[in-house]
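If you want the building blocks of each chain, they are given just below.
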Amino acid sequence: MDCCSDIYFWRQCVVLIAICLFSVGTGFKVAFPSVLNPDILSANGTGIHATPDQASWIASSNGISGIVGFCMAPYIMKMYGRKAVYIGLNIFTALGFLIFSLANNVPSLYAARIVQGIPTFALFMSTFVVGEYSHPKRRGYFVSIKKSMVSIGSLLCHSLGMCCTWKQIAAFAILPYILSLILTLTWRESPSFLALTEQYDECEKSHRWLFGDNTKNKTELEELISTQMNARKLAKNKRNMRTVIKKLLKKEFIKPFLIVSLLTIVIDASGKYYMIAYVVQILTEVMNDRSVAAYMTIGSDILTLAALIISCFVIRCCKRRTLLFTSGITCVFLMCLTSLITFLKSHYHIGESLYWWFIPSIILSNVFVVNVGIVPSGFAIMSEIFPLEYKGIGVCSTGLVFVIMFSLVMKFTPLMMEKTGIEGTFGIYALHVVVCLFILYFILNETKDKTLQEIEKEIRGIKQAKFNEYYFNDKPLIQA
């Protein structure tokens, strides 16, 4: 059916638009240090002055407070569902920007950033939510569209930074969260959550509302409900700590946890977040001209947005593994080239006449490659790889990896640039990407165009015949 006349497509789009607006706000949040730090570090700032150490801690403190959010994530996702939690996330993150807009001292900056850090698990949760609310054929480019919205928020933040104060930008950043909140109120609850909590009648209604009631969708619904009914049956009367620990040591949790953790490190080390937060400082270090670097920062955001738009089409055509490893290897090459040329220039004064434009070109090329390949393929895999019964603890555990990596990257990137220069910083990050890609090559499954249940079977290592016997007992649950 043509998408324009497909009511189920538009219903899924309503969910996507709400998540995209939240992601625009996330772009503001990630890029905010790039407009806040120069002002509070300057003697001619707007009133609040901080030391370099305080500024780096302000930037990284939301990652630290994010640990609290990720520890709470399994409980609140399981108890309250996707819709209610997303409403709370919009309110909580908007509150952080409200505090920023009213701040008049350094402690209030810490408070705002810490408040914004608690909902950080939304970065992971939103990916899982897109996976649950979208058709398998649309899941990949829906996730890519969501990720492109982060770059729109970053672009808006950097652009407004050229004509507005950071307090005005903070006030403006509240708007996407208000719009997202309004749209979120129109959602139905996720069929996956309803099946997980034994609300099978509501699950059936929600699934039909989202995907329709043709034969294929009925089969997928039957498979979803059967899997969760059997999982709860097996878990009955086995909820002691020993059983929980034993469950977390199973292959179906360990393997996706390792995959998502490695993908998180690849995304962080390749520059997804530190290039948004510190791109002005990095380009200023390279070009020795802050005004030119500021304009190139806008160019970097536009290039990122273009890359993510292109990735919506690329991810529909390419397999996840192929896209991840092709872009990952290219990224490593560009980062190593940046490191090598910078080293030759700083130590042997080779290529100084080319340095002012060549290195920025390589850095911006790397930004394009990361966002056209690594980011969309990585987040698409994250949205698909965890079996449903492990999604809550999966968000928590892999989220802890994310916030630790995010905090380390935000705290130590300026320090690494100061101590080891551009060459050392990019060389260290390239090494991280190489190691993670090497491990992923041997353990990562292909997930493109597969239902979540098909991916779960591969993770568990269960053949289709055994899967039907184990979960369904050949008894249909949903009548035609």
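All figures in this text were calculated on a predicted structure; none of them were measured in a lab.

Parameters and conventions
Residues numbered from 1 in each chain as written. Predicted model: local features only at pLDDT ≥ 70, side-chain atom pairs only at ≥ 80, totals over all residues. Heavy atoms only, no water. Buried < 20%, exposed > 50% of the residue type's maximum accessible area, 1.4 Å probe, protein only. Helix = DSSP H or I, 4+ residues; strand = E, 2+ residues; numbered from the N terminus. Contact = heavy atoms within 4.5 Å. Expected span 1.5 Å × (residues − 1). Bend = angle between axes of the 7 residues up to and from the residue. Axes fitted to C-alpha atoms, helices over the stretch in contact; angles between N-to-C directions. Parallel < 35°, antiparallel > 145°, perpendicular 65-115°, else oblique. Nonpolar A, V, L, I, M, F, W, Y, C, P; charged D, E, K, R; others polar. Phe/Tyr/Trp six-rings, centres within 6.5 Å; stacked < 30°, edge-to-face > 60°. Lys NZ or Arg CZ within 6 Å of the ring centre and 35° of its normal.

**Quick notes on helix 18 (residues 452–460)**
Okay, so step 1: Of all the positions in helix 18, only Gln453, Ile455, Glu456, Lys457, Ile459 and Arg460 are classed as buried.
Okay, so step 2: Directly after helix 18, the chain includes glycine 461, whose backbone phi takes a positive value near 75°.

**Here's the deal with the side chain of glutamate 423**
Okay, so step 1: Residue position: glutamate 423 is located in helix 17 (residues 391–443).
Okay, so step 2: Among all residues touching glutamate 423, those that are not within four sequence positions of it are Ser339, Thr342, Phe343, Ser346 and His347.

**Digging into helix 14 (residues 290–317)**
Okay, so step 1: Between its first and last C-alpha atoms helix 14 spans 40 Å; for 28 residues at 1.5 Å apiece the expected length is 40 Å, and the two agree.
Okay, so step 2: The sharpest bend along helix 14 comes to roughly 30°, located at serine 311.
Okay, so step 3: When we look at burial in helix 14, the residues that qualify are Ala293, Thr297, Ile298, Ser300, Asp301, Thr304, Leu305, Ala307, Leu308, Ser311, Cys312 and Ile315.

**Some thoughts on the packing of helix 5 (residues 136–160) against helix 14**
Okay, so step 1: Direction vectors running N to C along helix 5 and helix 14 enclose 170°, while the axes themselves pass 9 Å from each other. As summarised for this structure, helix 5 and helix 14 are arranged roughly antiparallel, according to the angle between their axes. Along the contact surface, helix 5 presents Gly140, Tyr141, Ser144, Ile145, Lys147, Ser148, Ser151, Ile152, Ser154, Leu155, His158 and Ser159, while helix 14 presents Thr297, Ile298, Asp301, Ile302, Thr304, Leu305, Leu308, Ser311, Cys312, Ile315 and Arg316.
Okay, so step 2: Residues that form the contact of helix 5 with helix 14 fall into these classes: 10 nonpolar, 10 polar and 3 charged.

**Thoughts on the packing of aromatic side chains**
Okay, so step 1: Taken as a whole, this structure holds 21 aromatic pairs when the rule is applied.
Okay, so step 2: Ring centres of tyrosine 273 and phenylalanine 402 lie 5.7 Å apart, and the angle between their planes is 80°; on these two criteria the pair is classed as edge-to-face. One end of the pair, tyrosine 273, is in the loop between helix 12 (251–270) and helix 13 (274–287); the other, phenylalanine 402, is in helix 17, with 129 residues separating them in the sequence. With respect to burial, tyrosine 273 and phenylalanine 402 carry one shared label: buried.
Okay, so step 3: A centroid spacing of 5.3 Å and a plane angle of 85° characterise the contact between tyrosine 441 and phenylalanine 442, whose relative ring orientation is edge-to-face.
Okay, so step 4: Lysine 146 extends its terminal NZ or CZ atom over the ring of phenylalanine 379, reaching a point 5.7 Å from the ring centre.
Okay, so step 5: Over the face of the ring belonging to tyrosine 441 we find arginine 321, whose NZ or CZ atom lies 5.3 Å from the ring centre.

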